Amino acid sequence: MLDKIKSALGGEADFLLNHVSKTISKESLTIPSASYVDDIFSKTDRNNSVLRNLQSVYNTGRLAGTGYLSILPVDQGIEHSAGASFAKNPAYFDPENIVKLAIEGGCNAVASTLGVLGLVSRKYAHKIPFVVKINHNELLSFPNKFDQILFANVEQAFDMGAAAVGATIYFGSDESSRQIQEISEAFHRAHELGLVTILWAYLRNDSFKTDKTDYHIATDLTGQANHLAATIQADIVKQKLPETNAGGFKDLKFGKKDDKMYTDLSSEHPIDMARYQVANCYMGKIGLINSGGPSGSNDLGDAVKAAVINKRAGGMGLISGRKAFQKPMKDGVALLNAIQDVYLSKEVTIA
C-alpha cells in the first residue's frame, strides 16, 4: 500500500511522507481513532441521537472503525451548474448513480441536495448515511451573485432518514452575518432532532484575491473560518487545503494577528499549514475534512497528496467529489479507494 502511495506522490513523496512538524506538536492534538465519539462527543451537549448518527457515519465504508472519513459530495449541480458539472459524465444527472458511487466507492457518507437524496431515500437511506446540504449558491441570477441561501430545512432531512445536514457559510462576504445566524439556528435544530452538522467553512470576498496572492486559501484566514465553524457547533468542518502561509490579516490590514501565527504556529510546509487549520478546530476535537478540489490532469496524484497532507496534519479525512464523479464509475471508485488507502496505511503517520 505504501509503495502505491509513494508512486502517486512521485517526486514529492519524501517531502510529504518524511516531514517532521516543528510547529504545533502532535501530542497536543486529538488524533482520529476508533474511540473518537466516546472520547470527545460523549462529553458534549449533543444528545444520544446525534451520537448514534455520528457513530454510524464513522462505522460505514472502508474506513469504518478508524476514526477517519471519506465522504462523496455532489452538490455541484447547483453550486457549479448541472451542465458544467456533469458534461464529462452525464450518468450523474441521475441521482441514483451518485449514491451508487458512494456505496461502491466505500465512502462513509454521501452529501448532496434535498432533491437528489430525497428522490432515492427509501431505497438507500438505510444503506449509507445521507448528508443533506440545506443551502446553496444558485448561479442562474444575472449577473451572478455570491450568496448561500436556504433550499431546504432540517425537518426535511430528518424526515428522509438522513444522518446529517450540511451547509456553507461564505465567511468574509457581505452576506456572512445573515448566513452565520441562519446556519447557527439550523444546526441547533439539527442537534435537537439528532442530526450531525457539517459546515463548508469557505471564504468569499473579492478583496481576498490580489495580484500577489489568493488569500481565500491562506492559512490564517482559513484557520479562522474553521474556528468560527466550530463556534456554531459544526460537528465536522470542511475546508480547502491552505496553499500559502502569507498573512491575510497582515497584508490586507484587517482583523487581529500575532506574528507567531506565521512562525511558531505554521510554516511554508503544506502539512504545517493544514495543522494550523486543525488547531483552529479545537485542536482536532472537531474533525477537519479537506476538500479534494477540481478535476485536473493528475487527479489520482492530487487526491493522494491531499489525503497525505490532511492525515499527517492531524485531520480527519477528505471530501472529494469532482475528481470521482467526472469520470467512469470504475475509475471514480478507484480514486476514492486510493484516498481511503492513505488513511488505512499504518505507515502514513501524524507528522
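Look a little higher up for the structure.
Calculation rules
- Residues numbered from 1 in each chain as written.
- Predicted model: local features only at pLDDT ≥ 70, side-chain atom pairs only at ≥ 80, totals over all residues.
- Heavy atoms only, no water.
- Helix = DSSP H or I, 4+ residues; strand = E, 2+ residues; numbered from the N terminus.
- Rg over C-alpha atoms; globule rule 2.2 N^0.38 Å.
- Buried < 20%, exposed > 50% of the residue type's maximum accessible area, 1.4 Å probe, protein only.
- Areas by Shrake-Rupley, 256 points an atom, 1.4 Å probe, with all protein chains shown as cover.
- Lys, Arg positive; Asp, Glu negative; His and termini not counted.
- Charge placed at Lys NZ, Arg CZ, Asp CG, Glu CD.
- Patch = residues over 30% accessible without salt bridge, like charges linked within 9 Å, V, L, I, M, F, W, Y side chains within 5 Å.
- Salt bridge = Lys/Arg side-chain N within 4 Å of Asp/Glu carboxyl O.
- Contact = heavy atoms within 4.5 Å.
- Pairing = 2+ DSSP bridges.
- Axes fitted to C-alpha atoms, helices over the stretch in contact; angles between N-to-C directions.
- Expected span 1.5 Å × (residues − 1).
- Parallel < 35°, antiparallel > 145°, perpendicular 65-115°, else oblique.
- Left-handed = near helix turned anticlockwise from the far one by under 90°.
- Core = buried A, V, L, I, M, F, W, Y, C linked by side-chain atoms within 4.5 Å.
- Right-handed = clockwise from strand over helix to strand, strands pointing away.

1. Thoughts on the overall build of the protein chain
Each helix and strand in the protein chain was counted, giving 17 helices and ten strands. Relative to the 2.2 N^0.38 estimate, which gives 20 Å for 351 residues, the radius of gyration of the protein chain is 19 Å and therefore close to what a compact globule would have. Scored against the burial criterion, the 351 residues of the protein chain give a buried share of 57%. Entry remark: accessible area of the protein chain is about 14600 Å², with carbon and sulfur atoms responsible for 52%. If you average the places of the 37 positive and of the 38 negative side-chain charges in the protein chain, the two averages end up 3 Å apart.

2. Some details on a positive patch on the surface
Positive charge collects at one region of the surface, where Lys250, Lys253, Lys256 and Lys257 lie side by side. Within the element layout of this structure, Lys253 appears in the loop between helix H13 (248-251) and helix H14 (270-280). Judged by relative accessible area, Lys253 falls into the exposed class, the value being 72%.

3. Some details on the side chain of Lys327
Looking at the element boundaries, Lys327 is found in the loop between helix H16 (322-325) and helix H17 (329-344). Lys327 gets classed as buried once you look at its relative accessible area, which sits at 16%. Those residues within four positions of Lys327 in sequence are excluded, and the remaining contacts are Asn89, Tyr92, Ser295, Asp299, Gly332 and Leu335.

4. What about the sheet that holds strand E10 (residues 317-319)?
Adjacent strands of a sheet form backbone hydrogen bonds with each other and so pair up, either parallel or antiparallel. With respect to topology, eight strands assemble into a closed barrel ordered E1-E2-E3-E6-E7-E8-E9-E10, the strand pairing being parallel. Neighbour to neighbour, the strand axes of the sheet diverge by 25° on average, direction disregarded. Bridge count for strand E1 (residues 69-74) against strand E2 (residues 109-113) is four bridges, and the pairing is parallel. The residue bridging Leu72 from the neighbouring strand is Val110, located in E2. In the packing of helix H12 (residues 219-231) onto the sheet, contacts are made with strand E6 (164-171), strand E7 (196-203), strand E8 (236-239) and strand E9 (287-291), and the angle to E7 comes to roughly 150°. Lying over the sheet, helix H15 (residues 299-313) contacts E9 and E10, oriented at roughly 140° with respect to E10.

5. Digging into H17
Taking 1.5 Å per residue, 16 residues should reach 22 Å; H17 reaches 22 Å between its end C-alpha atoms and fits that length. Elements in contact with the buried residues of H17: helix H1 (2-9), E1, helix H7 (95-104), H15, E10 and H16.

6. Comments concerning the packing of H7 against H17
Where H7 meets H17, the axes come as close as 9 Å, and the angle between the chain directions of the two elements is 45°. Taken together, H7 and H17 sit at an angle that is classed as oblique. As for the relative orientation of H7 and H17, their crossing is right-handed in sense. Contacts from Asn97, Lys100, Leu101 and Glu104 of H7 reach H17 at Met329, Gly332, Val333 and Leu336.

7. Here we look at the nonpolar core
Soluble globular proteins tend to bury their nonpolar side chains together. If you look at the biggest cluster of nonpolar residues, it comprises 114 residues, and the most contacted ones within it are Leu72, Phe130 and Leu199. The contact partners of Leu72, leaving out residues within four places of it in the chain, are Ile98, Leu101, Ala102, Cys107, Ala109, Val110, Ala111, Ser320, Gly321 and Ala324.

8. Some points on the pairing of strand E3 (residues 130-133)
Residues of E3 alternate between two faces, with Phe130 and Val132 on one and Val131 and Lys133 on the opposite face, all of them buried. Where E3 and E6 come together, three bridges link them in parallel fashion. Bridge pairing in E6 places Val132 opposite Val165.

9. Section: the pairing of E6
E6 sits mainly inside the fold: eight of its eight residues count as buried. Neither face of E6 is exposed, since Ala164, Gly166, Thr168 and Tyr170 on one face and Val165, Ala167, Ile169 and Phe171 on the opposite face are all buried. One ladder, built from eight bridges, connects E6 with E7; its direction is parallel. Within the sheet, the bridge partner assigned to Gly166 lies in E7 and is Ile198. Since E6 and E7 lie parallel, the crossover through helix H11 (residues 176-192) that links them has a hand, and here it is right-handed.

In short, the description is geometric, and any link to function would need to be established separately.
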